[in-house]
Structures are given as structure tokens and as C-alpha cells.
Amino acid sequence: MEPKVISIRGARMHNLKNVDLDIPRNRLVVFTGLSGSGKSTLAFDTLYAECQRRYVESLSTYARQFLGQMEKPEVDLMEGLSPAVSIEQRTTGRNPRSTVGTITEIHDHLRLLFARVGLPHCPGCGRAIKAQPVEEMVNQLMALPEGTKLVLLAPLVAGRKGEHHELFSRLRKEGFVRVRVDGVQHNLDEEIGLDRAKRHTIEVVVDRIVVKESVRRRLADSVATAVGRGDGLLLASLPDEGREMLLSEHAACPHCNLSLPELTPQLFSFNSPSGACPQCGGLGVRLLFDPELIVPDHDLSVEQGAIAPWRKRSAETYTGQVLAALLAHYGGEPATPFRSLPEGARQALLFGSGSEKIRFTYQHKSRRLTAEEVFEGIIPQLERRYRETTSELIREELGAFMAERACPACAGHRLRPEALAVRVGGENIAALAALDAERLRAFLADLRLPVRQAKIARPILRETDLRLSFLAKVGLGYLSLDRRASTLSGGEAQRIRLASQIGAALVGVLYVLDEPSIGLHQRDNQRLIETLVSLRDQGNTVVVVEHDSDTIRAADHVVDMGPGAGRHGGEVLFSGPVEKLLQNHESLTGGYLSGRLAIPVPRRRRQGHGAIFIENARTNNLQAITVSLPLGAMTCVTGVSGSGKSSLVIETLLAGARRVLRGGERGVAGTTIQGLEQIDKVIDIDQSPIGRSPRSNPATYTGLLAPIRELFARLPEARARGYRPGRFSFNVKGGRCEACEGDGVKRIAMHFLPDLYVTCEACNGRRFNRETLDILYRGESMADVLEMTVEEALSFFRAIPALQAKLQTLADVGLSYVTLGQSAVTLSGGEAQRIKLARELARRATGRTLYILDEPTTGLHPADIRQLLLVLGKLADSGNTVVVIEHNLDVIKCADHLIDLGPEGGRHGGQVVASGTPEQVAATTESHTGFFLQTVLNL
């Protein structure tokens, strides 16, 4: 019989304290508790890890060497386990080639659709083109001037790895003499050695002919042979002219002399050499010199240094005299502000004078000379220097004037012209990928095709519609297929994977999710909960690590961890139905859910002093909106998912502020930002890791380690031995243990078993050598200090003000449970964000800083949010400006000013629905945020 529960006995991973727990199977189970209390450790590092480990161990030794192995969690017994699927926040990666379409496999189905029923059009003239029979090919080649040399080739291999020995052997048997490999001709009787790891293109030489009337029959036979051998393709090379003609039985344009390659799914893939734009390699963007960075301030004149790369060149230099002559030629002067120069002068300065020669007089030593020359232009000159230089220093200097822009060749569509010339329903594949999921679904539903094509397309359209419907179910209908995966929030990425799991329709699986409500507006919470319930109803066990009250209330079973964080946590405070949790007076979670505990609404709202005005914001889906953000106050930007919050705050305000503070004129083309002169710096506190190396830790990131090392170096015994601060660093030779190079552990390769990490025998995991550990401060060594929590270090270093200030900021943001030496790679996104916040708090405040935070409540319990709001309030009270993107109602109700975007996501968003105090937004009937605010504000 199938077990009714998953039994965990004696779990001791990380801070878990010998936890015993029974989790009901085929139920929706929520793990909750304070940040750092052990929820993720129990759900992911124990439960999911053991499920995965047992599954992998059931496979053969041969298979395990490819799949990798997982460490056995520290647990005495686990029973009732199922195959497990983990859906975490960090699942999409940062690969620029990954898009919503590729992750969901919808783009793969579109590629198949275009390859099978697409109508080819000429990339040159746009006419629909059709197959070209052999007779037309012969006529086209015979129409070439008499005496033209032709080499007829049959394409056999296009961009495929391998040595291809069998192909060459077969060609020899068939009587062919020559072959062209990667553009180089070879005789087949010679040994052709190819690198099996590289991609190769191979064409067999069918005939070499000089065009004249007497060779028509021979040409016809050779063309027929080539087309038959090349699967309908013929490559006609004209060596004297240095060009080639691709002729095809499948598709060709007689007007432009262009042929399309065979329509295959690879042709429509920007991740394949067959389909990727040759200029940008399928990325859709290129690093180009940006006129806005080259001339950052249009109010300056050329004489005053408007041209940033040439700012240090005086008017007396050769370049300065050329610029003066160029401006005079177009009716301008060096003293005229750049924005007031004639359009022709500005274009010539940036892009060159074309074929037009500029006459100028210049001083050379004691002589005055006259010359005429074409002005190259600033941007072409910088491009040439960047291309030709071998100096990394010069490349770095020039890189400061470059920005990522849409590829000019493909207009950002990523594909080569031949792929973009194929249409279905009158649209190419890039146009369909640019539609959001809702519009794409409607387009495909209304698609009308001829009978034969409709029959071929029917199964493809059915599968595509199914995947699009799953996206809509999890509230992501506003996403377009060409949206980069790196721009998705953690919640969006997680819900995309959730959509694919619904489509898989598996039964008997254990799903473990990490805060799927991140980035989701309260309006859409019910849709997410319905998705989780549907997974459960299919016969699966769904375990969710979550703080959202709606999700907790919808759970069949709740596990509350605590009572504190870090070493004070790791215990199961409560396990049972949510109704009993509400009655549990020992549980903070139960207190906040029942209403016994609550974050109070501020008695007064900060009025601020002045404001930042953003006018005509058009980034992504923003619809030319104008907003104001009060200075010296906390502003919260809200709205449903996809409404334009990140576009406004990150891509408009942050980008604009950084450029203005760097001395530029504006941030985003067409958008004006006023009021930034009252800001002296801008700080973006996001959830990216504080370091990618295991050696990085909170102490190194916040600057705590340097004064601690100096403290140890000043101790009498250290001074007597001549130890300097570097002696107490595990990253530097001298004081660290060289057996493990300061890691504290050694990695032992186990081949088909997982790599084993064993404690270093020389230092017993202490990282330092014995001589360094002999130096003690108040009875503790450097290794002991790194193992202290922030709370313990606060007490230990109470007599040292410099350390107290930094440690107190870490405690203020709710990280008192984190150890000073904890590896950065083990920190969650929310913890990393709060460490960054603590580092900024520890710096000397100017009262003129703009702080930007993107969903800082990620991973936070209501009790932790209360602490975070105190920290943000202190920043605003000091005169700083705090802008927060947030969905959490406790943060929203405590803000001084709200900007609510919407009314929906994607193309239906990008408008200001309401702005003002939380009370004013709550009174706006059109605002989804206002509707939910009424409850928390008791209106």
C-alpha cells in the first residue's frame, strides 16, 4: 500500500536540531517561519536532496557518471519518498540566448510550424517565391556572360561536427574527384583529416564548366546530378567574380537572383548557425558606440569638450583645427553648444562627411598649410581603433563609450534574412515571438491555412495552444516569447517552470517550490493557488516554502519553523492544519495570520522636500507616463505583474540617475528626468549574489574583516612576532593553512561517485596555520571569530566602536543569525540583498542618496518585514530618498507615496492608475492595489 506520510527522523542539516516530522502525502503543505529558521534547509537540502539522491542511486553506475551525485543529507531515517521536482527561483540562468519561448519550448513548436507550412518570400524584394526546377536553373546559368567559369557543387554537410570519413569514402566509390571542405578544395584521393569537435561544411565538386552554348547539355546533366546529390540544392561558384549562387529546387526569386535554403526548424533558430543573424550571432544586440555617451551633454560646445573621447584635445591640435574647419563648412562654430549646431554639422561630426572633402588650413610648427580630406567621423574612427588595437587598456577606455544596442543587421530579431522572409498568416516568426502569450494564442486560433497545410499544422498548433494556456493559468499571459530569461523576476521564472509541470500531468511526484508568490500581485494570488491545488489534485504532494498569507491559508497542512533564526531556529514549532496554527500563541506566524500581531500603519506620512520628475517614460510597455517621486521620503511602486514597475524604476529612473550623475544629459532617449541635481549618489540594492566564490562572505563584503585583521595584528604577541594584517587572511599565503589553501576542506575526486569534501587534517577546518591561531583576542582566535554569528560578535566586540557600527547594521536588517564567515554561495537572494543594505547603512550618510530596492521582502517573515521597515524608515528620516518595487501590503501601507501602475500587465499596462498616499490610492476604484489596501488600512 502507498504510505500516507513522508517520515523524517533525526534531520540535522545546517541549523536543524534533530527534527522529526511527518508530512502528509498528496496534500498541499506549506513550510513557513522566520527568515533563517530552517525552512529551506528542511524542504530543499533535506527532503528534496534525499529524494534526488535515491533516484540517482537507482540508476546504473554508467548513467550516474553523467548525471552527477548528491550528498547524503544528515538525517537518520526518511520513508515514504517519491520522485521529486524542485522549482526554485534561480532556474532560468543568465544566458542571453535563453528566452521565454525557448524555456517553455513554444518557440520550438513555432519553428516546426514555419518549417512545415511557412510561405517563403524573397529577402530582397519581398515577393512570394516558389520552387525552381532543374530546367530553370540551367537557363539561369546559361544566361551568364559567355566565358564565365563555373564550379558546380552539391552541398552535403552544413555546419555538422565529425570527421566524415564514411562520406568521403562513399564519394570516392561514386566516382567524384574533388570536394570542398570549409571553403578549401581537396582531391578525394588524398587523406582528409578533420577535427571531430569542430563544425564542418562539405560540398562535393560535380563539374567545372566555362559557359558557352555548346555546353548546355553537359550543364543540364551536371545540374541534375548536383541537385540530386545535394537534396535539391546547387551551389554555383563563380571564382573569377568571387561570388556564389545558391539555387534550389525548393524556393528561389527570379527577380533578385536569390534562393532560400531548405526550410528546416534549424533555419528559424537563433541558437543555430543555420538561422542566427551572422552579425550578432543570434543575440539580437551588439555592443556599439553610443552617440549619447560620446556627446553626453548637448549644452556644451566642442570648444568646451562636448565630445567626451576628445575632451582633452585643445583647439591648437591638428584634430582641433580639423573640427573647427568641419564646423565652419556646415555653418557652425566651435563655441556653439552642440544642440544648437546645424543638423548636418552634428551628423558629420559623429558619422563623417561621406565622400565630401573638407578644405581646412592648419598650423604645422611655424608654417601654415592647407589640405583637403574626407572627415572620417568620431564613431567610425572609434570603431576602427577598437577593431585594430591589441591593447586591452585602450579597449577598456573605448568601451566606456559603448552601449548594448539592437543589432542593425537584424533589427534585434536575432535571425538571418532568409528566416525572417518566411511567413505564416502574413507574419514572420520574429513578429509572432514579439506578441504576448495571450495575443499569440488568439492569432494562432484565427489562423486560416489551405487544406493540406492545415492538416500538417493541426498537431503543432494543438501543442502550442496547450503551452500558451498553461502560461495564462499561472498569470504570465502578458509575457512575450522573445523576452530574455535574464530579465524575468524569480517568481516569473518559477511560475514558467510551474506551467511546464502542469502540462506534464505527472502523478505521484513530490513538488518542492520556493516562494512562488514572489513578484505576484495579490489580485493574481488566487490563480497561483489554483495552480498548486491542481497539481495536488492530480495525485501529487506539493511542498511550498512560503510567507504569503493567502497561500498559507489555502494549505492542507502547515509546518512552522523557529522559534528564532540561525542557531536559535531549526525546530518545528507547529505541524498541522492552518486552523490550529491560528490558535497557537507560541507561533509568530499564527499571531500575524490571526491578527493578534500586526505591523502598524505610520501615524504620519513624510512630505519630503522637492521631487524627482520623470516625464514621457516609454521604456518597454510604459505609455509615455509622467510621475513624481518625493525626495526625502519612501515611495513604493506597485501594480500587477508586468505592469511596468521595473521598466519605470530600474530601466528608466536608475539608468537615468546613473548617467546624469556621471555627467551625462539623460538616461533614456526621449525621457526627461528632473530633480536629480539634489541627489549625490544612487545605490541599487538588488538580490544578486554578494560574491560567486565560496571564499566571499558577509565579513569580507561589509568590510568587517579588515578592521578585525588589524585588531589582531596590533595585539602584543602578534607585534612581537612581526605579524601584519595580511597574516590573518585566509586568501593570502603566510597565515593560512597551505594544505587546504585557506578553504578548511579538501575536495577528493571520486569519479563516478560525488566529489567528497573532507575536513582538512592539517588545520581541522580552521583555515589558518597553528602559528596564526596562537594569536588570541579575549581568548578567541581568528577562526573562532569567523564562526561567530553577528549576534555573538556584537557582544564580543562591544568595546570597539568601528566594528560595533558595522555589526549593528547587520543586526538591524535582521541578519543577527548569519555567521561572519558564512560562504556567500549559501546565502539566499533576500539575505544577499539585506547584506548589501547593511553595507550601505554602515557608510557615512549624506542625506542626499537615492536608494532603489527591488522586492526587498523576498524570503521575509512578517516579523522580519517589521524590522526592515524600521531600517528603510531611518534612511528616509535622514533625508535620503527610498524607492521600492513591492507587492507586500505591509510595506505598501507604510510608504509615504505610492505609484500604482497598470491597469493590467504587458500591453494592457504601462499607465499610472493611481498615485499619492496609501489612503488616496485605496480610494481609487480603478486600482487593484487600492482594493486590497482598503482591508489592511481598515477603510
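Residues numbered from 1 in each chain as written. Predicted model: local features only at pLDDT ≥ 70, side-chain atom pairs only at ≥ 80, totals over all residues. Heavy atoms only, no water.

Draft legend 1. Structural view of the packing of aromatic side chains. Following the criterion strictly, the structure yields ten aromatic pairs and no others. Here phenylalanine 114 and phenylalanine 268 contribute two aromatic rings whose centre-to-centre distance is 5.8 Å and whose plane-to-plane angle is 50 degrees, an arrangement assigned as tilted. Of this pair, phenylalanine 114 sits in helix H4 (residues 106–117) while phenylalanine 268 sits in the loop between strand E14 (258–259) and strand E15 (285–289), placing them 154 residues apart in sequence. Of the two residues examined, phenylalanine 114 and phenylalanine 268, each falls in the buried class. Judged by centre distance (5.6 Å) and plane angle (85 degrees), the rings of tyrosine 777 and phenylalanine 796 are edge-to-face. Placement of tyrosine 777 in the loop between helix H26 (770–773) and helix H27 (782–786) and of phenylalanine 796 in helix H28 (residues 790–796) is noted, with a sequence separation of 19 residues between them. One aromatic cluster is present, formed by Phe712, Tyr723, Phe728, Tyr777, Phe796 and Phe797 through successive ring pairs. The ring of phenylalanine 796 has arginine 778 sitting right over it, with the charged end atom 4.9 Å from the ring centre. Across from the ring centre of tyrosine 701, 4.0 Å away, lies the NZ or CZ of arginine 839, which sits over that ring. (Phe/Tyr/Trp six-rings, centres within 6.5 Å; stacked < 30°, edge-to-face > 60°. Helix = DSSP H or I, 4+ residues; strand = E, 2+ residues; numbered from the N terminus. Buried < 20%, exposed > 50% of the residue type's maximum accessible area, 1.4 Å probe, protein only. Lys NZ or Arg CZ within 6 Å of the ring centre and 35° of its normal.)

Draft legend 2. Molecular detail of the packing of helix H11 (residues 378–388) against helix H12 (residues 392–399). Axis separation between H11 and H12 bottoms out at 9 Å; the angle between their running directions is 150 degrees. By the angle between their axes, H11 is roughly antiparallel relative to H12. In the crossing of H11 with H12, the sense of the turn from one axis to the other is left-handed. Contacts between H11 and H12 involve Leu382, Arg385, Tyr386 and Arg387 from the first element and Ile394, Arg395 and Leu398 from the second. Class assignment of the residues belonging to the contact of H11 with H12 gives a composition of four nonpolar, no polar and three charged. (Axes fitted to C-alpha atoms, helices over the stretch in contact; angles between N-to-C directions. Parallel < 35°, antiparallel > 145°, perpendicular 65-115°, else oblique. Left-handed = near helix turned anticlockwise from the far one by under 90°. Contact = heavy atoms within 4.5 Å. Nonpolar A, V, L, I, M, F, W, Y, C, P; charged D, E, K, R; others polar.)

Draft legend 3. Representation of the nonpolar core within the structure. By size, the foremost hydrophobic cluster in this structure holds 73 residues, and its most contacted members are Phe712, Phe797, Leu807, Leu820, Leu837 and Leu872. Ranked by residue count, the leading element in this core is helix H31 (residues 862–877), at six residues. The contacts of leucine 820, once residues within four sequence positions are left out, are Asn697, Pro698, Ala699, Leu704, Ile708, Val785, Leu786, Met788, Val790, Ala793 and Leu807. One finds Leu260, Ala433, Ile496 and Leu520 within the second-largest nonpolar core, a separate group that totals 68 residues. (Core = buried A, V, L, I, M, F, W, Y, C linked by side-chain atoms within 4.5 Å.)

Draft legend 4. Geometry of the sheet that holds strand E22 (residues 557–562). Spatial ordering of the open sheet is given by E5-E20-E21-E3-E22-E23, a layout of six strands whose pairing is mixed. At either margin of the open sheet sits one strand with a lone partner, and together these are strand E5 (84–87) and strand E23 (571–576). When strand polarity is set aside, the average angle formed by the axes of neighbouring strands in this sheet is 15 degrees. As judged from the five bridges shared by E22 and E23, these two strands associate in the antiparallel manner. (Pairing = 2+ DSSP bridges.)

Draft legend 5. Quick look at the sheet that holds strand E2 (residues 19–24). An order of E2-E1-E4 is seen for the three strands of this open sheet, with the pairing classed as antiparallel. Two strands close off the open sheet at either side, each with one partner strand: E2 and strand E4 (77–79). Across the sheet, the mean angle from the axis of one strand to that of its neighbour is 5 degrees, orientation sign disregarded. Taken together, the three bridges between strand E1 (residues 5–11) and E4 define a ladder with antiparallel strand orientation. Residue pairing across strands places isoleucine 8 opposite methionine 78, the latter belonging to E4. Packed on one face of the sheet, helix H1 (residues 39–57) meets E1, E2 and E4 and runs near 110 degrees to E1.

Draft legend 6. Seen up close, the environment of leucine 807. Relative to the assigned elements, leucine 807 resides in helix H29 (residues 801–812). On the basis of relative accessible area, leucine 807 is assigned to the buried category, the value being 1%. Taking the C-alpha atoms as reference, leucine 807 lies 9.5 Å from leucine 820; in sequence the two are 13 residues apart. Excluding residues that lie within four positions of it along the chain, leucine 807 makes contacts with Leu704, Val790, Ala793, Leu794, Phe797 and Leu820.

Draft legend 7. Structural context of helix H5 (residues 134–142). Among the residues making up H5, those that are buried are Met137, Val138, Leu141 and Met142. Viewed end-on, H5 has its buried residues packed into an arc of 130 degrees, placing them on one side of the element. (Arc of directions from axis to C-beta.)

So far we have only geometry, and geometry alone does not tell us how the molecule works.
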